[in-house]
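Geometric and topological summary
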Amino acid sequence: MSDPRYRSDISKFLVHLTRNTRKVSAEDNLINMLQSKTIEARNHHCLFSPKINAMGFTQKLRNAFKTVCFTEAPLNQIYKLAAEDFPRRIKLQPHGLVFWRDEMLNSGANPAIYLNADGTSLREYLLSEFDRHFEGINSMSKLKQHEDNYKEIVHYYSLVNLMSGRHDFSWEREWRHSGDFKFKYSDVVAIVTENPEKFLRKCEKQLSTRRVNFIKRIPIISADWSYEDVVEEMAMKIWEKNA
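The text that follows walks through the structure, step by step, so that each part is easy to find. If you're wondering where the values come from, they're calculated on a predicted model, not measured in any experiment.

Calculation criteria
- Residues numbered from 1 in each chain as written.
- Predicted model: local features only at pLDDT ≥ 70, side-chain atom pairs only at ≥ 80, totals over all residues.
- Heavy atoms only, no water.
- Salt bridge = Lys/Arg side-chain N within 4 Å of Asp/Glu carboxyl O.
- Buried < 20%, exposed > 50% of the residue type's maximum accessible area, 1.4 Å probe, protein only.
- Helix = DSSP H or I, 4+ residues; strand = E, 2+ residues; numbered from the N terminus.
- Pairing = 2+ DSSP bridges.
- Contact = heavy atoms within 4.5 Å.
- Phe/Tyr/Trp six-rings, centres within 6.5 Å; stacked < 30°, edge-to-face > 60°.

1. Looking at the pattern of salt bridges
On inspection of all chains with the given rule, the structure shows 9 salt bridges. Here E174 ties to R176 by a salt bridge, and the two come within 2.8 Å at their closest N and O atoms. Overall, E174 belongs to the buried group, its relative accessible area being 9%. Between K216 and E204 there is a salt bridge, and its shortest N-O distance comes to 3.4 Å.

2. A closer look at the pairing of strand β4 (residues 96-100)
Along a regular strand, successive side chains alternate from one face of the sheet to the other. Counting buried positions along β4 gives 4 out of 5 residues, so the element sits mostly inside the fold. One ladder, built from 5 bridges, connects strand β1 (residues 13-17) with β4; its direction is antiparallel. Paired with L14 across the strands is F99, a residue of β4. Two elements, β4 and strand β10 (residues 188-193), share 4 bridges in a ladder whose sense is antiparallel. Looking across to β10, one finds that F99 is bridged to V188.

3. Some details on the environment of E197
As for its position among the elements, E197 is in helix α8 (residues 196-206). Classification of E197 as exposed rests on a relative accessible area of 60%.

4. Comments concerning the environment of L159
Its location among the elements puts L159 in helix α7 (residues 150-159). Linking L159 and W175, residues 16 residues apart in sequence, is a C-alpha distance of 8.4 Å. In contact with L159, other than residues within four places in its own chain, are N110, P111, A112, I113 and R176.

5. Topic: the pairing of β10
The buried fraction of β10 is high, at 6 of 6 residues. Pairing analysis gives 3 bridges linking β10 to strand β11 (residues 220-222), with the strands arranged parallel. Residue pairing across strands places V192 opposite I221, the latter belonging to β11.

6. A closer look at the packing of aromatic side chains
In the structure shown here, the tally under the stated rule is 18 aromatic pairs. An angle of 85° between the planes, with centres 5.7 Å apart, marks the rings of F70 and F181 as edge-to-face. In this pair, F70 is assigned in strand β3 (residues 67-71) and F181 in strand β9 (residues 181-182), connecting sequence segments 111 residues apart. Of the two residues examined, F70 and F181, each falls in the buried class. On the numbers, 6.4 Å between centres and 25° between planes, the contact of F181 with F183 is stacked. Given a relative accessible area of 6%, F181 falls into the buried group. By relative accessible area, which is 4% here, F183 ends up buried. Linked through ring pairs, F48, F57, F65, F130, F134, Y156 and Y157 together constitute an aromatic cluster.

What is shown is where atoms sit, not what they do.
Right, here's the structure in full:
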């Protein structure tokens, strides 16, 4: 019962959902990921983000805190994270990539750490510990000189957030991967999009024939589908591969 692979209450997948950026739609961002086989770590999402931006860190050190975010929510529930009325600053869209949870563990991904600080001085303690670690340090090379486990220190701080009554996102079951996440097409369990047929036609227009042929072997599912629909599509693709 302790092995997650044999637990029915724990998802076997992690999902990365895209979003609209200033000039690019979430759907096109997904196609760009499939083109480059990379999900870029563009932001740091932790409790210490204001300090990271204000303490005069070099660009390399700031970048070290950036992560790629995933969710462990079941595949038939991820539509809730992309709902129009979902109260989060970063609006996710129902377009993304699905990976095996076990493989993400092997790549170094970790669950985000959400701590309850209500009624305690935990927030002040964590912020003071961050200040202590980075007092007089503004670059990765200086941190390396002072701390043997400098990479682990940055990685730990990149995972930590606090929750409260108004900002409790722990239910998102968020995971984070430190730095850009590079993948092979064989790593992708499924592609999530609003309209699978329309998405595949768009891929055929924007990507090379070779890439499209790989993508056609991957299940393409909709975030609105039921659990049974998702299982049917994934089973059909597995059957086609083995036929």
